[in-house]
Amino acid sequence: MSDVRTAASMTSEAAGLTSGYAVGLDVGGTKVFGALLSADGALAGTVRLPTVRGREGVVTSVVRAVEELALEAGVLPGELSGVGLGVPGLVDPATGSVVHAVNLGIDGEPFALAEILAARLGVPVVADNDLNVAALGAAHALGPRGRDLAFLALGTGLAAGIVIDGRLRRGASGAAGEIGHIPIDPLGPLCPCGQRGCVETFASGTALGERWPSRRGRPAPAELFEAAEAGDPRAVQIKAEFAAAVAAAVRILVLTVDVQHVVLGGGVSALGDTLLDAVRVALDEQSRPSPFLTSLRLADRVTLAPTDVPVAAMGAAIAGRRKVS
Ligand SMILES: [Zn+2]
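Note that this is a predicted model, so its numbers are computed, not measured.

Calculation rules
Residues numbered from 1 in each chain as written. Predicted model: local features only at pLDDT ≥ 70, side-chain atom pairs only at ≥ 80, totals over all residues. Heavy atoms only, no water. Helix = DSSP H or I, 4+ residues; strand = E, 2+ residues; numbered from the N terminus. Buried < 20%, exposed > 50% of the residue type's maximum accessible area, 1.4 Å probe, protein only. Polar contact = N/O pair within 3.5 Å; in protein donor to acceptor, adjacent residues only side chain to side chain. Contact = heavy atoms within 4.5 Å. Pairing = 2+ DSSP bridges. Donors = N, O, S within 2.8 Å, 3.2 Å for Na, K, Ca; no water. Tetrahedral: all angles 85-135°; square planar, octahedral: opposite > 155°, others 65-115°. Axes fitted to C-alpha atoms, helices over the stretch in contact; angles between N-to-C directions. Parallel < 35°, antiparallel > 145°, perpendicular 65-115°, else oblique. Left-handed = near helix turned anticlockwise from the far one by under 90°. Domains from an automatic or database assignment. Buried area = accessible area lost by both parts, 1.4 Å probe. Salt bridge = Lys/Arg side-chain N within 4 Å of Asp/Glu carboxyl O.

A separate point is the side chain of Thr201. Tracing the backbone shows Thr201 in helix 6 (residues 200-203). A relative accessible area of 18% places Thr201 in the buried class. A distance of 2.6 Å separates a polar atom in the side chain of Thr201 from the backbone oxygen of Cys198. What Thr201 contacts, discounting residues up to four positions off in sequence, is Pro189, Leu190, Cys191 and Ala207.

Turning our attention to the pairing of strand 6 (residues 97-100). One ladder, built from three bridges, connects strand 5 (residues 90-92) with strand 6; its direction is antiparallel. By the bridge assignment, Asp92 is partnered in strand 6 with Ser97. Where strand 5 folds back on strand 6, the antiparallel hairpin that results is connected by four residues, among which Gly96 adopts a positive phi of roughly 75°.

Before going further, it helps to examine the coordination of the zinc ion. Put simply, a metal with four donors set out as a tetrahedron has ideal angles of 109.5 degrees, and one with six donors set out as an octahedron has ideal angles of 90 or 180 degrees. For the zinc ion, the full set of protein donor atoms is His181 (ND1), Cys191 (SG), Cys193 (SG) and Cys198 (SG), at a range of 2.0 to 2.3 Å. Around the zinc ion sit four donor atoms; with metal-centred angles ranging over 104 to 125°, the donor geometry is tetrahedral. Summarised as a motif, the one-chain spacing of the donors to the zinc ion is H-x9-C-x1-C-x4-C. You can see His181 sitting in the loop between strand 10 (167-168) and helix 6 and its partner Cys191 sitting in the loop between strand 10 and helix 6, a full 10 residues away along the chain.

Before going further, it helps to examine the packing of helix 8 (residues 220-229) against helix 9 (residues 233-257). Here helix 8 crosses helix 9 at 120°, and the two axes come no closer than 8 Å. The orientation of helix 8 with respect to helix 9, classified from their angle, is oblique. For the element pair helix 8 and helix 9, the recorded crossing hand is left-handed. Contacts between helix 8 and helix 9 involve Leu224, Phe225, Ala227 and Ala228 on the former and, on the latter, Ala235, Val236, Ile238, Lys239 and Phe242.

Our focus in this paragraph is the domain arrangement of the protein. Taken as a whole, the protein is organised into domain 1 (2-135 + 309-323) and domain 2 (149-259 + 267-304). Computed from C-alpha coordinates alone, the two centres of domain 1 and domain 2 are separated by 27 Å. Contact with domain 1, which involves nine residues of that partner, is made by 13 residues of domain 2. Between domain 1 and domain 2, a total of about 760 Å² is buried, with carbon and sulfur atoms accounting for 67% of that surface. Linking domain 1 to domain 2 there are one salt bridge. Where domain 1 meets domain 2, there are one residue pair in polar contact (both at pLDDT 80 or more).

This paragraph deals with the packing of helix 9 against helix 10 (residues 273-287). Where helix 9 meets helix 10, the axes come as close as 8 Å, and the angle between the chain directions of the two elements is 70°. Comparing their axes, helix 10 and helix 9 come out roughly perpendicular. Along the contact surface, helix 9 presents Lys239, Phe242, Ala243, Ala244, Val246, Ala247, Ala248, Val250 and Arg251, while helix 10 presents Thr274, Leu275, Ala278, Val279, Ala282, Leu283 and Gln286.

Have a look at this one:
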C-alpha cells in the first residue's frame, strides 16, 4: 500500500510519456475529476467540478475542467500534449465515441465526444472506458512494478481493467476483464446478463446492498462491515461470503493472466483495510487445501487503489498523451 502511494510521482521512462503537460479527466455521473500531469509524469494539479449531464452538458463540463487545469499549468488548452477521458460506459477507444453512458445521460446514437472536444479545445482528445484508464493510472502509481496488474472495480457491478506488459488488454471485442459474468454457482441468483450465479451477483456493491440494505443512511458496505465487527452473526456470514466471492474474482484474474497485482477499486473499496484484510483471509482459506494455489501467494498480490491520488484521471492523462507520442 505504501509503495502504491509513494510511487505516484514516478519517472517518465517507465510510463513512456512524451514531453509537456497532459490533462486527464475521470468523468463520473455526478462529478468530473481532473488531473494535470507534468512531463515527468508527476501530478501537478487537480480539479473537481460537478458534471452537467447530457451531451452538451458533458462537453461543457469537460471543457471547463480542461481550461482550469491548463490555466494552472500556465498554458493554453491547445498547448497541452493531449487530453484523455475516462467515461463510465461503452466507449469506442479508436474513435472516442461514447456508445452508451447512462450515468452521463448519453444514450441512443453514438456520440463523437472526443472529436467534438478536440475541435472545441484544439488539442488531441482520446476517450476510453473508466475502468481501462483506472487500470493505466494504477499501473502508473505502482511504477515499474505495475507492468502487470488488474484493477478490480467493486461497484454497481464487478469488472476488471487489465494491464499486461505495461499495455491495456482490451480483448478482441473489448470484453477482456468482464469476469463479473463468470458463473461460480450454477444454483445462484439470476444475473441481468442471463446466466445464473455470476461472480457479480455475489461480489458487487449492488449484491451486498441487496443482502444487507443500508439502515442508517450510510453506504451499505460500511454498515455491513460495522455490524459484522460488532458480532452480528448474520452480518459476519454475509461479510465472509462477500469476501469469498471477491477472492474468487482475484483467483480468476491470477489464474487467467497471472497479474502481479490485483488492485481493489470502485465504491466498495472505500472500506479500506477492513476490506483488504477480509479478502486476504478468504484467499488464504481458499488456498490452504491447495499447494498450487498457496504457491501463487494470492493474498500478497491484492492491494487497495490509492486514495491520495486520482488514479482514473491520471490514467486518462497517460492515455491522452500516448495518443500523440
Ligand atoms: Zn452475469
